[in-house]
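These are the residues of each chain, in order.
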Amino acid sequence: MKRFLDRFVGGPRNPGADTPAEADDEGFFATQFMERPEDFRSTSAWNARGLAVGAHGLDPETGLKLLIKAWGQDALMASLSPDDQRKLLEHLDFVTVPPGRELIAQDEKGDYALIVLEGLVAVDRVQPTGARARLAEAREGDVLGEMSLLDAGARFASCVTLSRVSLAVVTASALDELAIEEPRLGMALMASVARRLSLRMRQLSARLGALLTAG
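Just so we're clear, the structure is a prediction, and the values are computed from it rather than from any experiment.

**Some words on the sheet that holds strand 10 (residues 158–161)**
Part 1 of the argument: If you trace the 4 strands from one edge of the open sheet to the other, you get 4-10-7-8, paired in antiparallel fashion. Looking at which strands have only one partner, the edges of the open sheet turn out to be strand 4 (102–104) and strand 8 (132–138). Along the sheet, successive strands turn relative to each other by an average axial angle of 35 degrees, direction set aside.
Part 2 of the argument: Examined bridge by bridge, strand 7 (residues 121–126) and strand 10 share 4 bridges and lie antiparallel to one another. Within the sheet, the bridge partner assigned to Asp124 lies in strand 10 and is Ser158.

This is the structure in structure tokens:
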């Protein structure tokens, strides 16, 4: 979070697989939050990941319409003029990805987040045994990978497309540019991301609380 705040307060800048089966919850709390050693992690920029998953460019105008449709009710996004909204085209990439592709790999470090505009994405936590526990399924308007984008930490989960998806790609460099060139637009974008992160954390907390109570 400090990394994100630094950007907007003038601080330093930082220069085809099958759909996975859902795992049982047995052993969930014993293994879900174990971290692998640092040397097992790798850094993956979107350019490399996009090539690996067969991403194709989506018409920017179409992508922007889908983004406004998904996020248009958010207060700050709704307050932006059409001209301001169009400025997002200079800072975001819009792509489509086929089903069965791993958009984000658990434990890697990445410099991007993905906004789901269309389609369905599985969010799985891979256990040391190799089993996968389904944490969520992301749909229109949901964000993937924002925690690592904000704090530069390792990815908590693996994200795999369950259908053809349309995505908006937000990179760390794009956030840097927005913080300097269009701070109001950058704050509107990040406020929408932060709201969804908060909602997801509340949902996960509720699920964990229910599992603990049931156990």
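**So, the sheet that holds strand 6 (residues 112–118)**
Part 1 of the argument: Within the open sheet, the 5 strands sit side by side as 2-3-11-6-9. Their pairing is antiparallel. If you trace the sheet from one side to the other, it starts and ends with strand 2 (56–57) and strand 9 (143–144), each paired once.
Part 2 of the argument: Sheet topology places strand 3 (residues 93–97) next to strand 11 (residues 165–171); 5 bridges connect them, and they run antiparallel. Within strand 11, the residue paired with Val95 across the bridge is Leu167.
Part 3 of the argument: On the sheet, helix 4 (residues 60–71) packs against strand 3, strand 6, strand 9 and strand 11 and is oriented at approximately 85 degrees with respect to strand 6.

**Topic: the packing of aromatic side chains**
What characterises a pair of aromatic rings is the spacing of the ring centres plus the angle enclosed by the ring planes.
Part 1 of the argument: Throughout the structure, instances matching the rule amount to 1 aromatic pair.
Part 2 of the argument: Judged by centre distance (5.3 Å) and plane angle (65 degrees), the rings of Trp46 and Tyr112 are edge-to-face. Residue Trp46 is located in helix 3 (residues 46–52), and its partner Tyr112 is located in strand 6; the two are separated by 66 residues in the primary sequence. No difference in accessibility class separates Trp46 from Tyr112, as the two residues are buried.
Part 3 of the argument: Positioned above the aromatic ring of Phe156, the side-chain terminus of Arg125 is 4.4 Å from the ring centre.
Part 4 of the argument: One cation-aromatic arrangement involves Arg155 over Tyr112; the distance from NZ or CZ to the ring centre is 4.7 Å.

**Structural notes on unusual backbone geometry**
Part 1 of the argument: The phi torsion at Asp107 lies on the positive side, around 80 degrees, for a residue other than glycine.
Part 2 of the argument: Summarising the element assignment, Asp107 is placed in the loop between strand 4 and strand 5 (109–110).

**With respect to the side chain of Asp124**
Part 1 of the argument: As for its position among the elements, Asp124 is in strand 7.
Part 2 of the argument: A distance of 3.2 Å separates a polar atom in the side chain of Asp124 from a polar atom in the side chain of Arg132.
Part 3 of the argument: Looking at Asp124, its side chain comes within polar contact range of the side chain of Arg134, at 2.4 Å.

**A short note on the side chain of Ser166**
Part 1 of the argument: Structurally, Ser166 can be placed in strand 11.
Part 2 of the argument: Here Ser166 falls in the buried class, since its relative accessible area comes to 1%.
Part 3 of the argument: Polar contacts involving the side chain of Ser166 include one to the side chain of Glu118, which spans 2.9 Å.
Part 4 of the argument: Once you skip the residues sitting within four places of it in the chain, Ser166 turns out to touch Leu58, Leu66, Val95, Thr96, Ile115, Val116, Leu117 and Glu118.

**A word on helix 4**
Part 1 of the argument: For helix 4, which comprises 12 residues, the first-to-last C-alpha distance of 16 Å matches the rise-based estimate of 16 Å (1.5 Å per residue) to within 8%.
Part 2 of the argument: Looking only at helix 4, the buried set comprises Gly63, Leu64, Leu66, Leu67, Ala70 and Trp71. Looking straight down helix 4, one finds that the buried residues subtend no more than 160 degrees of arc, so they occupy a single side. Of the exposed residues in helix 4, those oriented more than 90 degrees away from the buried face are Lys65 and Lys69.

**Focus: the pattern of salt bridges**
Part 1 of the argument: Inspection of the entire model under this criterion finds 12 salt bridges.
Part 2 of the argument: A salt bridge links Arg132 to Asp124; its shortest N-O distance comes to 3.2 Å. Taken individually, Arg132 and Asp124 each receive the classification buried, so the pair is uniform in this respect.
Part 3 of the argument: Of the charged contacts in the structure, one is a salt bridge between Arg134 and Glu137, with a shortest N-O distance of 3.0 Å.
Part 4 of the argument: Its relative accessible area of 29% is what places Glu137 among the partly exposed residues.
Part 5 of the argument: A single network of salt bridges, built from pairs that share partners, joins Asp124, Arg132, Arg134, Glu137 and Arg139.

Definitions and cut-offs
- Residues take numbers from 1 onward in each chain, read along the sequence in its written order.
- Side-chain atom pairs in this predicted model are given and counted only at pLDDT of 80 or more, local residue features only at pLDDT of at least 70, and totals for whole chains, interfaces and linings cover all residues.
- Side-chain measures were taken over the full set of non-hydrogen atoms in the model, leaving aside hydrogen atoms and water.
- Two strands qualify as a pair provided that DSSP identifies no fewer than 2 bridges between them.
- We count a stretch as a helix when DSSP gives it H or I for four or more residues in a row; a strand needs E for two or more, and each element gets its number in order from the N terminus.
- Every angle, taken between N-to-C directions, lies between 0 and 180 degrees, and every axis is a line fitted to C-alpha atoms, over only the stretch in contact when it is a helix.
- A contact between two residues is defined here by any heavy atoms of the two lying within 4.5 Å.
- Pairs were defined over the aromatic rings of Phe, Tyr and Trp, the Trp ring being its six-membered one, requiring ring centres within 6.5 Å. Orientation was assigned from the angle between planes: stacked under 30 degrees, edge-to-face over 60, tilted for the rest.
- Per-residue accessibility, obtained with a 1.4 Å probe over protein chains only, is compared with the maximum for each type, and a residue is labelled buried under 20%, exposed over 50%, and partly exposed between these values.
- For a lysine, the NZ atom is tested; for an arginine, the CZ atom; a charge sits over a ring if that atom is within 6 Å of the ring centre and within 35 degrees of the ring normal.
- We define a polar contact as two N or O atoms separated by no more than 3.5 Å, with the added condition that, inside protein, one atom must be a possible hydrogen donor and the other a possible acceptor, whereas residues neighbouring each other in sequence contribute only through side-chain atom pairs.
- In a helix, the anticipated span is given by 1.5 Å times the number of residues less one.
- As used here, the arc belongs to the directions running from the helix axis to the C-beta atoms.
- For this analysis, a salt bridge means a side-chain nitrogen from Lys or Arg found within 4 Å of a carboxyl oxygen belonging to Asp or Glu.

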